[in-house]
Amino acid sequence: MILDAARLLVFPALMAFAASSDLFTMTISNRVAILLALGFGALAVATGMPLAEIGMHAGAAALTLVIGFVFFARGWIGGGDAKLAAATALWLGFGFLYEYLLYASLLGGVLTLALLEFRKYALPQRFAESAWIGRLHQRDGGIPYGIALAAAALLIYPSTPWMTTIG
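Brief notes about the packing of helix H1 (residues 2-25) against helix H7 (residues 146-156)
Here is step 1: The geometry of H1 relative to H7 is characterised by a closest axis approach of 8 Å and an angle of 160° between their N-to-C directions. Taken together, the axes of H1 and H7 lie roughly antiparallel to each other. Taken as a pair, H1 and H7 cross one another with a handedness that is left-handed. Counted together, Phe11, Pro12, Met15, Ala19, Asp22 and Leu23 of H1 and Gly146, Ile147, Ala150, Ala153 and Leu154 of H7 form the full contact between these two elements.

Below, the structure written as structure tokens:
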């Protein structure tokens, strides 16, 4: 019962927090990635995941982190986004990695186009007073890609063994 509750809460709650944090502050705390890694480790051990499978999940995370930091070095994504994607890959493993990255790319494209369109129009004064909305509206501002990463993860998560083996 406790393991099922952890499967239902830990990953989705941390993903929602990462998305909201990126939306409101344009940052994703390192603590989110650390908590995701610790949560994965605890649940992997508690559910009896074989060591070889844990290693494959770690490999998916490592590969995603390397690619993410190449993207970060080129200025395509933020460092928090790279770490969040890697921590997410740890939970999903190679079995769901391609689907996750595809969804994240598509959702990220939609998010980017929506923000670029939003930035074309004058911001009503009552919204301009809000720091986070003003930050999103800046023409030279970044894209809170953590929203797309988290949304993609939450779309995939119900199909993973973490959720399909509940009960």
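Additional details are given in the paragraphs that follow.
A few points about unusual backbone geometry
Here is step 1: You will see that Met26, though not glycine, has its phi angle at about 60°, which is positive.
Here is step 2: Note that Met26 resides in the loop between H1 and helix H2 (30-46).
Here is step 3: A residue is classified by how much of its surface remains accessible, and Met26, at 24% relative accessible area, is partly exposed.

Details of the nonpolar core
Here is step 1: One finds Leu36, Leu84, Trp91, Tyr100 and Trp162 to be the most contacted residues of the largest nonpolar core, which totals 35 residues.
Here is step 2: Sorting the residues of this core by element identifies H1, H2, helix H3 (51-73), helix H4 (79-118) and H7 as the ones contributing at least two each.
Here is step 3: At 11 residues, H4 tops the list of elements feeding residues into this core.
Here is step 4: Once you skip the residues sitting within four places of it in the chain, Trp91 turns out to touch Val10, Phe11, Leu36, Gly39, Phe40, Leu43, His57, Tyr157 and Trp162.

Reading the values: rules and limits
Residues numbered from 1 in each chain as written. Predicted model: local features only at pLDDT ≥ 70, side-chain atom pairs only at ≥ 80, totals over all residues. Heavy atoms only, no water. Axes fitted to C-alpha atoms, helices over the stretch in contact; angles between N-to-C directions. Helix = DSSP H or I, 4+ residues; strand = E, 2+ residues; numbered from the N terminus. Parallel < 35°, antiparallel > 145°, perpendicular 65-115°, else oblique. Left-handed = near helix turned anticlockwise from the far one by under 90°. Contact = heavy atoms within 4.5 Å. Buried < 20%, exposed > 50% of the residue type's maximum accessible area, 1.4 Å probe, protein only. Core = buried A, V, L, I, M, F, W, Y, C linked by side-chain atoms within 4.5 Å.

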